[in-house]
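Chains, contacts and geometry: an overview
Listed below, chain by chain, are the residues.
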Amino acid sequence: MRHDTDRLLPSEAVTSLDAHLAAGGGAGLERALELGGDAVIAEIEAAGLRGRGGAGFPTATKWRGVRDTARAGGARLTLVANAAEGEPGTYKDRTLLEVQPYAFLEGVCIALHASGADYAVVGIKEKFTTPLARLTAALQEVVAAGWSHADRIRIVPGPDEYLFGEESAMLEVIEGDLPMPRIVKPYELGLGATTASPNPTIVNNVETLSHAARILANGADWFRQAGTQASPGTMVFTVVGDVANPGVYELALGTSLRTLLEDIAGAEDVKAVYSGVSNAVITPSMLDTPLCFDAMSDAGSGLGSGGFVVYDSSRHIADVLSVLVRFLAVESCGQCNACKLGNTAMSESLQRVQAGEADDIELDTIAETVSGVTDQNRCYLPVGSQLLVGSTMQAFAEELTSTVRERRSTPADLPTPLIESIDADTGEVTYDPRYHLKQLDWSYADQDPAAERLRAIRRT
Ligand SMILES: Cc1cc2nc3c(=O)[nH]c(=O)nc-3n(C[C@H](O)[C@H](O)[C@H](O)COP(=O)(O)O)c2cc1C
Ligand code: SF4
């Protein structure tokens, strides 16, 4: 089910470059070329565009900052478009690539032009076959049509791991390695960096770049007609879980979370909501919070990449927490001991709670473990787990304690909310059917781990 505002999500999928041009597409790139790089960045700054990949970082600040770093060091500059979409509960980037790949490609060309980057790489999961095919075909069309900068865009299919979407791990994959986050961030050391040339890289999300095209076409004031002063524009949200109408919905930022979850997605009797796995739990008392970056963090959670997983009061919080923490334990790459071992220990404890085999000490142990899970972390994954676990244990302390004291087992029937597909007509959601088989070493329980590892290496 899709909800359109005629901003990014079109009412009908745009299936050819001719259709894109007939609907006014291409105007953003045309105007950007007339304006020149500095003026393009100034327009994005005036629009107040903030990244839609999770952190809400101001896009113009990123473009200008990385460009200036590269210029000062006489280094090459590159651009990476992040289409990994690995956050549980999120399906908007794949939707955008399927229904409007041209706006995204226009945004990539504009970013190349504005920043002066040499080339752009789109990192997208190999398993996203339909969006990948649409993107590849659209890229061929815009190159054949002679779009400025389009011949400098390359697509790199990548692995299924969550960390593929972490920006420095994406650089590793593009360079042919496994998705292991680096200590140094892409804006310092980018693609093909050497000690002589740091080659800083700009990394932007698919939706961010798609908005950039519309801003250049329609102007900063048009963009600001929707949204709030600090979070202007619209955002493409995903809602799944215990709702009547799961789907992808584009709404003005500043709309209340309650409007999205209850009025649009049809949630009832909400117990706990998660915006991916990188933020604190959202409880019913927070539902009137406006959907904008600052208000969501002031309320104690975060907007993330706009994907919400809803659990109603029929769910046991131990089941909810367990399925999310298991995901984090599996996906942690193990370069930092506290992250891999801590998330794994918490996941195992929660499984004992679910089985009715835990005692009081188990909850204290989880609380102690979560406080150290970020020790010497290279990336943000364990920060997310600390926020998620800490907040959930606090908000649902009574339920967790009574579950443990009464040695009650829980149904343990929740899937990992990693979305495989959402049917745009019926709203039917399919989750990754094999995720429960994924092991701590990224192999699958029904496959030979050595063969899997080789496959992953050959693929990259
Ligand atoms: C563990 C982890 C996974 C991430 N996965 C994604 C992802 O799938 N897609 C994405 O755009 N950003 C993801 N991010 C955020 C990126 O690192 C990066 O901040 C983002 O792509 C920047 O784009 P933006 O400024 O346009 O938001 C992830 C971050 C972390 C820590
Ligand atoms: S913090 Fe965790 S996921 Fe990130 S690099 Fe370290 S072990 Fe890997």
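Note that the coordinates shown come from a computational prediction; the quantities given were computed from them, not determined experimentally. (Residues numbered from 1 in each chain as written. Chains lettered and ligands numbered in written order. Predicted model: local features only at pLDDT ≥ 70, side-chain atom pairs only at ≥ 80, totals over all residues.)

Quick look at the overall build of the protein chain
Per the secondary structure count, the protein chain includes 18 helices and eleven strands. The C-alpha atoms of the protein chain give a radius of gyration of 22 Å, which matches the 23 Å a tight globule of 460 residues would have. Out of the 460 residues belonging to the protein chain, those deemed buried represent 53%. Of the contacts made within the protein chain by residues no fewer than 6 positions apart, 71% connect residues no fewer than 24 positions apart. (Helix = DSSP H or I, 4+ residues; strand = E, 2+ residues; numbered from the N terminus. Rg over C-alpha atoms; globule rule 2.2 N^0.38 Å. Buried ≥ 20, exposed ≤ 12 C-beta atoms within 10 Å, placed from the backbone. Contact = placed C-beta atoms within 7 Å.)

Observations regarding the environment of Val143
Locating Val143 in the fold gives a position in helix H7 (residues 129-144). Among the residues examined, Val143 registers 15 C-beta atoms within 10 Å and is labelled partly exposed. Linking Val143 and Glu87, residues 56 residues apart in sequence, is a C-alpha distance of 31 Å. Not counting chain neighbours up to four residues away, the residues in contact with Val143 comprise Ala150 and Asp151.

Quick notes on the domain arrangement of the protein chain
The domain boundaries assigned to the protein chain delineate domain 1 (2-224) and domain 2 (317-410). For domain 1 versus domain 2, the separation of C-alpha centres amounts to 35 Å. Counting residues at the interface gives eight residues for domain 1 and six residues for domain 2. Looking at the side of domain 1 that touches domain 2 residue by residue, the class counts come to six nonpolar, no polar and two charged. (Domains from an automatic or database assignment. Nonpolar A, V, L, I, M, F, W, Y, C, P; charged D, E, K, R; others polar.)

Some thoughts on the site of ligand 2
In the vicinity of ligand 2 lie 14 residues, with Cys333, Cys336, Cys339, Arg378 and Cys379 positioned nearest. Of all the secondary structure elements, the ones that give two or more residues to the shell around ligand 2 are helix H14 (337-354) and helix H16 (381-395). (Near = placed C-beta within 6 Å.)

Structural notes on the site of ligand 1
Neighbouring ligand 1 are 23 residues, the closest being Gly51, Gly53, Gly165, Asn205 and Thr208. When residues of the shell around ligand 1 are assigned to their parent elements, the largest contribution, three residues, is made by strand S5 (residues 201-205). For the shell around ligand 1, the class distribution of residues is nine nonpolar, nine polar and five charged. Inspection of the shell around ligand 1 shows a minimum of three residues originating in each of domain 1 (2-224) and domain 2 (317-410).

Things to note about unusual backbone geometry
Of note in the backbone geometry, Arg407 takes a positive phi value of approximately 50° without being a glycine. Positioned with a positive phi, Ala412 is a non-glycine residue whose angle comes to about 50°. Secondary-structure assignment places Ala412 in the loop between helix H17 (397-405) and strand S10 (419-422). Exposure remark for Ala412: the 14 C-beta atoms within 10 Å place this residue in the partly exposed category.

What to know about the sheet that holds strand S4 (residues 153-158)
Pairing is parallel across the open sheet formed by four strands, whose spatial order is S4-S3-S2-S5. Every other strand in the sheet has two partners, leaving S4 and S5 as the edge strands with one partner each. Sheet twist, expressed as the mean angle between neighbouring strand axes with direction ignored, is 25°. Pairing geometry for strand S2 (residues 78-83) and S5, over five bridges, is parallel. Each bridged residue has a counterpart across the sheet, and for Ala81 the counterpart in S5 is Asn204. Across the face of the sheet, helix H6 (residues 101-115) comes into contact with S2, strand S3 (119-125), S4 and S5 while running at roughly 155° to S2. (Pairing = 2+ DSSP bridges. Axes fitted to C-alpha atoms, helices over the stretch in contact; angles between N-to-C directions.)

What about helix H5 (residues 92-99)?
Residues lying three or four places apart along an α-helix face the same way, a consequence of the helix completing one turn every 3.6 residues. Of all eight residues in H5, seven are buried; the element is thus mostly enclosed. Of the positions making up H5, those classed as buried are Lys92, Asp93, Arg94, Thr95, Leu96, Leu97 and Val99.

Focus: helix H4 (residues 59-72)
An ideal rise of 1.5 Å per residue puts 20 Å on 14 residues; H4 measures up with 20 Å between its terminal C-alpha atoms. All of the buried residues along H4 are Thr59, Ala60, Lys62, Trp63, Val66, Arg67 and Ala70. Down the axis, H4 shows its buried residues gathered within 165° of arc, on one side only. Looking at the buried side of H4, the elements it contacts are helix H3 (37-47), H6, S5 and helix H9 (206-218). Just beyond H4, the residue with positive phi is Gly74, at close to 60°. (Expected span 1.5 Å × (residues − 1). Arc of directions from axis to C-beta.)

Examining the pairing of strand S8 (residues 270-275)
With six of its six residues buried, S8 lies for the most part within the structure. The pairing of S8 with strand S9 (residues 307-312) spans five bridges and is antiparallel. Looking at S9, one finds that Ser275 is bridged to Phe308.

A word on the confidence of the model for the protein chain
Across the protein chain, the average pLDDT comes to 93, with 96% of residues at or above 70. Per-residue pLDDT stays below 50 along residues 1-5; that stretch engages in 17 contacts with residues further than four places along the chain or on separate chains. (pLDDT = per-residue confidence, 0-100.)

A short note on the environment of Ala412
In this structure the C-alpha to C-alpha distance between Ala412 and Leu29, which are 383 residues apart in sequence, comes to 50 Å. Excluding residues that lie within four positions of it along the chain, Ala412 makes contacts with Asp319 and Gln354.

Focus on the packing of H5 against H7
Taken N-terminus to C-terminus, the directions of H5 and H7 make an angle of 40°; their axes are 8 Å apart at the nearest point. As summarised for this structure, H5 and H7 are arranged oblique, according to the angle between their axes. The crossing of H5 and H7 is left-handed. Contacts between H5 and H7 involve Arg94, Leu97 and Glu98 from the former and Thr130, Pro131, Arg134 and Leu135 from the latter. Its residues placed into classes, the contact of H5 with H7 shows three nonpolar, one polar and three charged. (Parallel < 35°, antiparallel > 145°, perpendicular 65-115°, else oblique. Left-handed = near helix turned anticlockwise from the far one by under 90°.)

Notes on the packing of H6 against H7
Look at H6 against H7: their axes get within 10 Å of each other, and the N-to-C directions meet at 60°. Taken together, the axes of H6 and H7 are oblique relative to one another. For the pair H6 and H7, the sense of crossing is right-handed. Contact residues: H6 offers Pro101, Tyr102 and Leu105, while H7 offers Arg134, Leu135, Ala138, Leu139 and Val142. A class-by-class count of the residues in the contact of H6 with H7 yields seven nonpolar, no polar and one charged.

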